[in-house]
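Residues per chain, in single letters:
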Amino acid sequence: MECLYCFLGFLLLAARLPLDAAKRFHDVLSNERPSGHMWEHNQLNGWSSDENDWNEKLYPVWKRGDSRWKSSWKGGRVQAVLTSDSPALVGSTITFAVNLVFPRCQKEDASGNIVYEKNCRNDTGPSPDLYVYNWTAWTEDSDWGNDTSEGHHNVFPDGKPFPHPWKKNFVYVFHTLGQYFQKLGQCSVTVSINTANVSLGPQIMEVTVFRRHRRTYVPIAKVKDVYVVTDQIPVFVTMSQKNNRNSSDETFLRDLPITFSVLIHDPSHFLNESAIYYTWNFGDNTGLFVSNNHTLNHTYVLNGTFSLNLTVQAEVPGPCPLPSPRPPKTTPSLVPTGDNTLELWEIPDESCHITRYGYFKATITIVEGILEVNIIQVTDVLMPGPQPDNSLVDFVVTCQGSIPTEVCTVISDPSCQITQNPVCDPVAVELGDACLLTVRRAFSGSGTYCMNLTLGDDASLALTSTLVSISSRDPASLSRMANGILVSLGCLAILVTVIAFLMYKKHKEYKPIENSPGIEIRGKGLNVFLNHAKTLFFPGNQEKDPLLKNQPGIL
């Protein structure tokens, strides 16, 4: 009798062995799952538990480091790149994208076949074949598409049939939170999940990719990535300011407005219908600013370091609280009551919302900088002797704010697009507190030029521009100009002589001559007239012009 029991036990054990040896999804898809660990997560819509059996005969399982990985793809290894639009606000949708990177000189054509690129040479030289994998020919030459054939193979690893039309060449298996999702695709696929039932914090998404191989499938790539689900609104703030040399160092200029622009990471547009409010504290004792606009300007009037704090508030759709029980109505004493009394519940008619918050903090430094620059005068420079080939022009420049340490000019075409001659010079420290300097630049040839001028220091960079028109200076025109000037001066001398003679005769008619001192008086009168005429035709001696005493230095 004992032998019979032993024999029956042996049969039962033998019958159970295949069940124990059958692989499940979590055995295949996860390399870090502890033994005996039970996953407890809410069900994702459309996903299945990784406790289901895996069809290892149709989808073979290879461990990491298995030598068969090296021959899983013709011409090299395929790399899978997994990305997501994480972080995701709980309740929103997160999307994962997988892209396959084929070996050099290989690509996927419009039919989904893998072909060699034309005129591309790899380490082994050009391939004589057109196709790496011609799956279209496989389908036409076999019974791949015959669903009624023996040994049905148009199924996923859990045995579910492919959706129609199913003629895709890669099978993607996504795995996260103890659940999996299967999808057919070409060289790139996307999968989205709603995060309402996803635990907060970092999670891991793993993807295994298989390719068709006659009546079976071959693993070609595995990849995983971390994604984050949070109950705080993902917020980022960009800061920009005119004349600021480098906004990335969070150093800005005093007395110029800073533009703060809030960026909310919401790729699934979960917050599109939400009322969003922004509360600003700039840390300079100006109080709180509340706005429903994502952009705000603020000006700091003091130098120093300030703490910026932003709070974003949004009303988002969320689960309603449990309804409160309502006591039953009183009934006549003739109506029996018992333990089965029906309790009525107050069910809200409106949808419910949850307030979500997002936060941003930064420390910014305010310093003095160049606030404004202006070109107040443009003058042609006439050199003594023969004129140079290049035309020289002086630009008188003023600025507000701190004293610049360098001046740069960029001469370009009239549209200010094509750069011709960038030049930078240091600014002399002798400027003192007044920002007034002269910048001299050379222009080659006649025409219209755009000149951009910038004044800079360690923290700021102020820009202005102007159009400059340069006239022709060929030798013939210069000679004609010189002759014209000489002729004009000669005519002017003759005219002055004639006028002086006429005035002398007029003066002689009205003045008596019998008094001898009169000769001296007439001489003085003539001298006064000649001086007056000289003043009229040759104005102001430039050497006595007081404005030249403050002429700025030339750079």
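Residues numbered from 1 in each chain as written. Predicted model: local features only at pLDDT ≥ 70, side-chain atom pairs only at ≥ 80, totals over all residues. Heavy atoms only, no water.

A. Here's a closer look at the sheet that holds strand 22 (residues 353-367). In space, the five strands of this open sheet follow the order 14-22-19-16-17, with mixed pairing throughout. Since the sheet does not close on itself, it has two edges, and those belong to strand 14 (251-253) and strand 17 (288-291), each with one partner. The average undirected angle you get between the axes of adjacent strands in this sheet is 30 degrees. The pairing of strand 14 with strand 22 spans three bridges and is classified as parallel. The residue of strand 22 that forms the bridge with T251 is T365. (Pairing = 2+ DSSP bridges. Helix = DSSP H or I, 4+ residues; strand = E, 2+ residues; numbered from the N terminus. Axes fitted to C-alpha atoms, helices over the stretch in contact; angles between N-to-C directions.)

B. Up close: a nonpolar patch on the surface. A surface patch of nonpolar side chains, about 210 Å² in accessible area, is lined by I204, V226 and V228. With a relative accessible area of 46%, V226 lands in the partly exposed category. (Patch = residues over 30% accessible without salt bridge, like charges linked within 9 Å, V, L, I, M, F, W, Y side chains within 5 Å. Areas by Shrake-Rupley, 256 points an atom, 1.4 Å probe, with all protein chains shown as cover. Salt bridge = Lys/Arg side-chain N within 4 Å of Asp/Glu carboxyl O. Buried < 20%, exposed > 50% of the residue type's maximum accessible area, 1.4 Å probe, protein only.)

C. Structural view of the pairing of strand 15 (residues 257-264). Both strand 13 (residues 235-241) and strand 15 contribute to a ladder of seven bridges, which runs antiparallel. Note that in strand 15 the partner of V237 across the bridge is V262. Bridge count for strand 15 against strand 18 (residues 295-299) is five bridges, and the pairing is antiparallel. What sits directly across from T259, in strand 18, is N297.

D. Representation of the packing of aromatic side chains. Using the criterion set out here, one finds 25 aromatic pairs in the structure. Pairing W73 with F170 gives two aromatic rings, centres 6.2 Å apart and planes at 20 degrees, and the pair type is stacked. Here F170 lies in strand 8 (residues 170-176) and W73 lies in the loop between strand 1 (48-49) and strand 2 (79-84), a separation of 97 residues in the sequence. We note that W73, like F170, is buried. Put simply, the rings of F25, W54, Y59, F156, F162, Y180, F210 and Y217 touch in pairs and so form one group of aromatic residues. Note that K74 overlies the ring of Y133, its terminal NZ or CZ placed 5.5 Å from the centroid. (Phe/Tyr/Trp six-rings, centres within 6.5 Å; stacked < 30°, edge-to-face > 60°. Lys NZ or Arg CZ within 6 Å of the ring centre and 35° of its normal.)

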